Amino acid sequence: MSTLRKELHERNRLSWNAATQAHNSHKRDQAGFLRRGGSTLCKEEIALLGDLQGKRLCHLQCNAGQDTLSLAARGAEVTGVDISDEAISFAAQLSIDSGIPGTFVRSDLYDWLPHAEAGSFDVMFSSYGALMWLSDLRIWGREIARILRPGGRFVIVDAHPFMMVLGEKLELHYPYGGGSEVHDPGVHDYVAAAGTALTPMGFEEGVKDFKNPHPDASFQWSLEEILMALIRPGLVIEQYVEYPFTKWRAFPVQVAGPDNNFFLPPEMPQIPMLFGLVAAKR
Ligand SMILES: C[S@@+](CC[C@H](N)C(=O)[O-])C[C@H]1O[C@@H](n2cnc3c(N)ncnc32)[C@H](O)[C@@H]1O
């Protein structure tokens, strides 16, 4: 049975349109950064993705395309898909301005996935705050398995479901999995909140005290639900990794550490905050 909540996705589109403008306002000369060989990718996904030379790669929920174009610069032929109008028009312009080719499609993932050709991608990729916006993981996993070519791989690095149950003070606050809905005042300006950690191209002051006028709705998924969404349609989990840090400031108590990552203070017990996996189509 489908749990699709397209009306909530539409609400999120507005929230992401507003937030993406604020996020990009803090990033200095993005086209010049990419043109000079700069990359917004982190070593975690680079390690899981491996060699991309000549690969047809689909970046699901690509936002404003910085990671997508960084993947193209590693030799992949890239297609990025995202629901946000603002993100996709920014990405298309960034491709032109940086001279790095990429195809960008504005669509709810659930409208695009069923129309993508079976076996048409070698690699499908998604990262950092993606799954929480998806209201049906069964459709997502089934379509990824269909669209990958045999021998292809799906790679994701995203928020660990353990962390997703915690509130601001690390208290048990949200339900674990089940697709439970979480309603928030709107996608916030986590780029500004991360200081310079999310702006390898240089930080601009940009929009100050951003308040998103559009509320958002997200969905809680358990590790079982994520893994089984991929395993059920026949994908094989080849790698699974956990990381004790985030790339953005998820909790006020976090401290900045190596590689622009945010950790719990060292005197506290450490927990998994991100996970990464590679699922192969045999
Ligand atoms: C945190 S961002 C992902 C960032 C991304 N890893 C990058 O390279 O910048 C989450 C993205 O999911 C997109 N999104 C949310 N719901 C979606 C949906 N139903 N279909 C497609 N994209 C969606 C948002 O517009 C947003 O750009």
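Scoring rules and cut-offs
- Residues numbered from 1 in each chain as written.
- Predicted model: local features only at pLDDT ≥ 70, side-chain atom pairs only at ≥ 80, totals over all residues.
- Heavy atoms only, no water.
- Pairing = 2+ DSSP bridges.
- Helix = DSSP H or I, 4+ residues; strand = E, 2+ residues; numbered from the N terminus.
- Core = buried A, V, L, I, M, F, W, Y, C linked by side-chain atoms within 4.5 Å.
- Buried < 20%, exposed > 50% of the residue type's maximum accessible area, 1.4 Å probe, protein only.
- Contact = heavy atoms within 4.5 Å.
- Axes fitted to C-alpha atoms, helices over the stretch in contact; angles between N-to-C directions.
- Salt bridge = Lys/Arg side-chain N within 4 Å of Asp/Glu carboxyl O.
- Right-handed = clockwise from strand over helix to strand, strands pointing away.
- Near = heavy atom within 4 Å.
- Polar contact = N/O pair within 3.5 Å; in protein donor to acceptor, adjacent residues only side chain to side chain.
- Areas by Shrake-Rupley, 256 points an atom, 1.4 Å probe, with all protein chains shown as cover.
- Nonpolar A, V, L, I, M, F, W, Y, C, P; charged D, E, K, R; others polar.
- Left-handed = near helix turned anticlockwise from the far one by under 90°.

*Asks:* So what exactly am I meant to see when it comes to the sheet that holds strand 11 (residues 262-263) here?
*Replies:* Backbone hydrogen bonds hold the strands of a sheet together, and the pairing may be parallel or antiparallel. Reading across from one edge, 9-11-10 is the order of the 3 strands in this open sheet, with antiparallel pairing throughout. The sheet is open, and its two borders are formed by strand 9 (245-246) and strand 10 (255-256), each paired with just one other strand. For strand 10 and strand 11, the ladder comprises 2 bridges, and the chain directions are antiparallel. Following the sheet pairing, Val255 is matched in strand 11 by Phe263.

*Asks:* Sorry, what's going on with the nonpolar core here?
*Replies:* In globular proteins that are soluble, nonpolar side chains generally tend to be buried together. One finds Leu49, Leu52, Leu57, Leu71 and Met163 to be the most contacted residues of the largest nonpolar core, which totals 41 residues. Breaking this core down by element, the ones donating at least two residues are helix 2 (30-35), helix 3 (43-49), helix 4 (66-72), helix 5 (85-98), strand 4 (121-127), strand 5 (148-159) and strand 12 (274-280). With sequence-adjacent residues up to four places away left out, Leu52 is seen in contact with Leu57, Leu71, Arg74, Gly75, Ala76 and Val123. The next biggest cluster of nonpolar side chains, apart from the first, holds 32 residues, and it includes Cys58, Phe121, Ile139 and Phe219.

*Asks:* Where do I start with unusual backbone geometry in this structure?
*Replies:* With the exception of glycine, the majority of residues adopt a negative phi angle, and the majority of peptide bonds are in the trans configuration. Residues other than glycine seldom take positive phi values, yet Asn63 does so here, at roughly 50 degrees. Structurally, the position occupied by Asn63 is in the loop between strand 1 (56-60) and helix 4. The exposure class assigned to Asn63 is buried, which follows from its relative accessible area of 19%. Although it is not a glycine, Asp209 sits at a positive phi angle of roughly 50 degrees.

*Asks:* It is not clear to me how the sheet that holds strand 2 (residues 77-82) should be interpreted in this structure. Could you clarify?
*Replies:* The 7 strands are arranged 3-2-1-4-5-12-8 in an open sheet whose pairing can be described as mixed. In the strand order of this sheet, the two ends are held by strand 3 (103-106) and strand 8 (236-243), each with one partner. Sheet twist, expressed as the mean angle between neighbouring strand axes with direction ignored, is 15 degrees. In this sheet, strand 5 lies alongside strand 4 in parallel orientation, the contact comprising 6 bridges. Looking at the pairing, Ser127 lines up with Val157 of strand 5.

*Asks:* I'm lost on the pattern of salt bridges in this one. Help?
*Replies:* Any two side chains of opposite charge can pair, so long as their charged atoms come close to each other. The tally for this structure, following the rule as stated, stands at 16 salt bridges. Close ionic contact of Glu44 with Lys247 constitutes a salt bridge, the shortest N to O distance being 2.9 Å. Of this pair, Glu44 sits in helix 3 while Lys247 sits in the loop between strand 9 and strand 10; the two residues are 203 residues apart in sequence, bridging distant segments of the chain. Taken together, the shared-partner salt bridges in this structure form one network comprising Glu10, Arg13, Asp85 and Arg106.

*Asks:* How do you make sense of the pairing of strand 2 when you look at a structure like this?
*Replies:* Across a regular strand the side chains alternate sides, sitting on one face of the sheet and then on the other. For strand 2, the tally of buried residues reaches 5 of 6 residues, placing the bulk of the element in the interior. With 5 bridges connecting them, strand 1 and strand 2 associate as parallel partners. Counted as the bridge partner of Leu60 is Val81 from strand 2. Each parallel crossover has a hand, and the one from strand 1 via helix 4 to strand 2 is right-handed. Pairing analysis gives 4 bridges linking strand 2 to strand 3, with the strands arranged parallel. Each residue of the ladder has a partner; that of Thr79, found in strand 3, is Thr103.

*Asks:* Quick question: what am I supposed to make of the side chain of Ser120 here?
*Replies:* Here Ser120 lies in the loop between helix 6 (109-112) and strand 4. According to the relative accessible area criterion, Ser120 is buried, its value standing at 15%. Setting aside residues up to four positions removed in sequence, Ser120 forms contacts with Arg56 and Ile147.

*Asks:* I keep staring at the site of the ligand and nothing clicks. Help me out?
*Replies:* What surrounds the ligand is a group of 18 residues, the closest being Asn63, Asp82, Ile83, Leu109 and Ser127. Side-chain polar atom of Asn63 to an oxygen atom of the ligand: 2.8 Å apart, as the coordinates give it. Between a nitrogen atom of the ligand and a main-chain N or O atom of Ile83, the distance comes to 3.1 Å. Across the complex, the protein chains shield 94% of the 600 Å² of accessible surface that the ligand would expose by itself. Residues of the shell around the ligand, tallied by class, amount to 7 nonpolar, 8 polar and 3 charged.

*Asks:* Please explain the packing of helix 7 (residues 137-147) against helix 9 (residues 223-231) as it appears in this structure.
*Replies:* Two quantities define a packed helix pair, namely the angle between the helix axes and the distance between the axes. Viewed as axis vectors pointing N to C, helix 7 and helix 9 meet at an angle of 35 degrees, and their least axial separation amounts to 7 Å. For helix 7 against helix 9, the interelement crossing comes out right-handed. In contact with Leu137, Trp140, Gly141 and Arg142 of helix 7, helix 9 contributes Glu225, Ile226, Ala229 and Leu230. Of the residues that constitute the contact of helix 7 with helix 9, the class distribution is 5 nonpolar, 1 polar and 2 charged.

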